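# Per-entry structural report
Listed below are the residues making up each chain.
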Amino acid sequence: MSDIPASLSPQDALVAVMIAVSASDQNMRTAELVVIQQTVNYMPVFAGYDADRIRVVANTVFDLFEEEDGLEALFGLIRDALPEALHETAYALACDVAAADGNLREVELRMLEEVREELAIDRLHAAAIEWGARVRHLKL
């Protein structure tokens, strides 16, 4: 566990949430990875963020997933790094990643629930965020 950083930047924390949702079913799909990359490339919250950090953050998430209490440790890092003003943003990004391939799996839904609880997202706000992600990723 020596490669796990003591802290993350707010942008790292957002990336960590997206990676965690994508990796939660142990199969990171191309559509999910594309959403993560596009999000980092185009969202204002990532202005000035070094996209090469995605790999570092992903490795941190993967390493923590291997630890017994790794998910708890990951959420601790995320909560410490993420200002409250970005909690709903993190949840919205998590929902976008989960919905990216058009198929929500049970384990992804459980991970979204964990994110929602850990970041204290109001249930009504969460429903609106989830609806927005669903309609953005509909397929004909």
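See above for the structure.
It should be emphasised that the depicted structure is a prediction, and the values quoted were computed from it without experimental measurement. (Residues numbered from 1 in each chain as written. Predicted model: local features only at pLDDT ≥ 70, side-chain atom pairs only at ≥ 80, totals over all residues. Heavy atoms only, no water.)

On a plain count of helices and strands, the protein comes out with seven helices and zero strands. Tracing the protein from N to C terminus, the helices and strands come up as α-α-α-α-α-α-α. Along the first, second and third principal axes, the C-alpha set of the protein runs to 45 × 30 × 30 Å. Out of the 140 residues belonging to the protein, those deemed buried represent 45%. Counted over contacts in the protein with a minimum sequence separation of 6, partners at least 24 positions apart contribute 78%. Carbon and sulfur atoms provide 51% of the accessible area of the protein, an area that totals close to 7700 Å². (Helix = DSSP H or I, 4+ residues; strand = E, 2+ residues; numbered from the N terminus. Buried < 20%, exposed > 50% of the residue type's maximum accessible area, 1.4 Å probe, protein only. Contact = heavy atoms within 4.5 Å. Areas by Shrake-Rupley, 256 points an atom, 1.4 Å probe, with all protein chains shown as cover.)

Along its 13 residues, helix α6 (residues 106-118) runs 18 Å from first to last C-alpha, staying within 8% of the 18 Å computed at 1.5 Å per residue. Looking at the buried positions of α6, the neighbouring elements they touch are α1 (10-23), α2 (30-42), α3 (53-66), α4 (70-81), α5 (87-99) and α7 (123-136). (Expected span 1.5 Å × (residues − 1).)

Here we take up the side chain of Asp96. Tracing the backbone shows Asp96 in helix α5. Side-chain polar atoms of Asp96 contact the side chain of Arg136, separated by 2.7 Å. Here Asp96 is in contact with Val35, Ala133, Arg136 and His137, once residues within four sequence places are set aside. (Polar contact = N/O pair within 3.5 Å; in protein donor to acceptor, adjacent residues only side chain to side chain.)

Turning to the packing of α1 against α2, a few remarks are in order. Two elements in contact, α1 and α2, have axes whose closest approach is 10 Å; the angle formed by their N-to-C orientations is 170 degrees. Of the possible angle classes, the one that applies to α1 and α2 is roughly antiparallel. Contacts between α1 and α2 involve Val15, Met18, Ile19 and Ser22 from the first element and Glu32, Ile36, Thr39 and Val40 from the second. Considered class by class, the residues forming the contact of α1 with α2 number five nonpolar, two polar and one charged. (Axes fitted to C-alpha atoms, helices over the stretch in contact; angles between N-to-C directions. Parallel < 35°, antiparallel > 145°, perpendicular 65-115°, else oblique. Nonpolar A, V, L, I, M, F, W, Y, C, P; charged D, E, K, R; others polar.)

Position of Arg29 among the secondary structure elements: in the loop between α1 and α2. Among the polar contacts made by the side chain of Arg29, one reaches the side chain of Asp25 at a distance of 2.6 Å.

In this section: a nonpolar patch on the surface. Together, Trp131, Val135 and Leu138 make up a nonpolar patch on the protein surface, roughly 320 Å² of accessible area in all. By secondary structure assignment, the location of Leu138 is in the segment after α7. Leu138 sits in the exposed class, given a relative accessible area of 58%. (Patch = residues over 30% accessible without salt bridge, like charges linked within 9 Å, V, L, I, M, F, W, Y side chains within 5 Å. Salt bridge = Lys/Arg side-chain N within 4 Å of Asp/Glu carboxyl O.)

Let us now look at the pattern of salt bridges. In total, this model carries ten salt bridges according to the counting rule given. Notably, a salt bridge pairs Asp12 with Arg53, separated by 2.6 Å at the nearest N-O pair. Remark: Arg53 occurs in helix α3 and Asp12 occurs in helix α1; sequence separation between them is 41 residues. On the basis of relative accessible area, Asp12 is assigned to the buried category, the value being 3%. What makes Arg53 partly exposed here is its relative accessible area of 29%. One continuous salt-bridge network, built from bridges that share partners, spans Asp25, Arg29, Asp101, Arg105 and Glu108.

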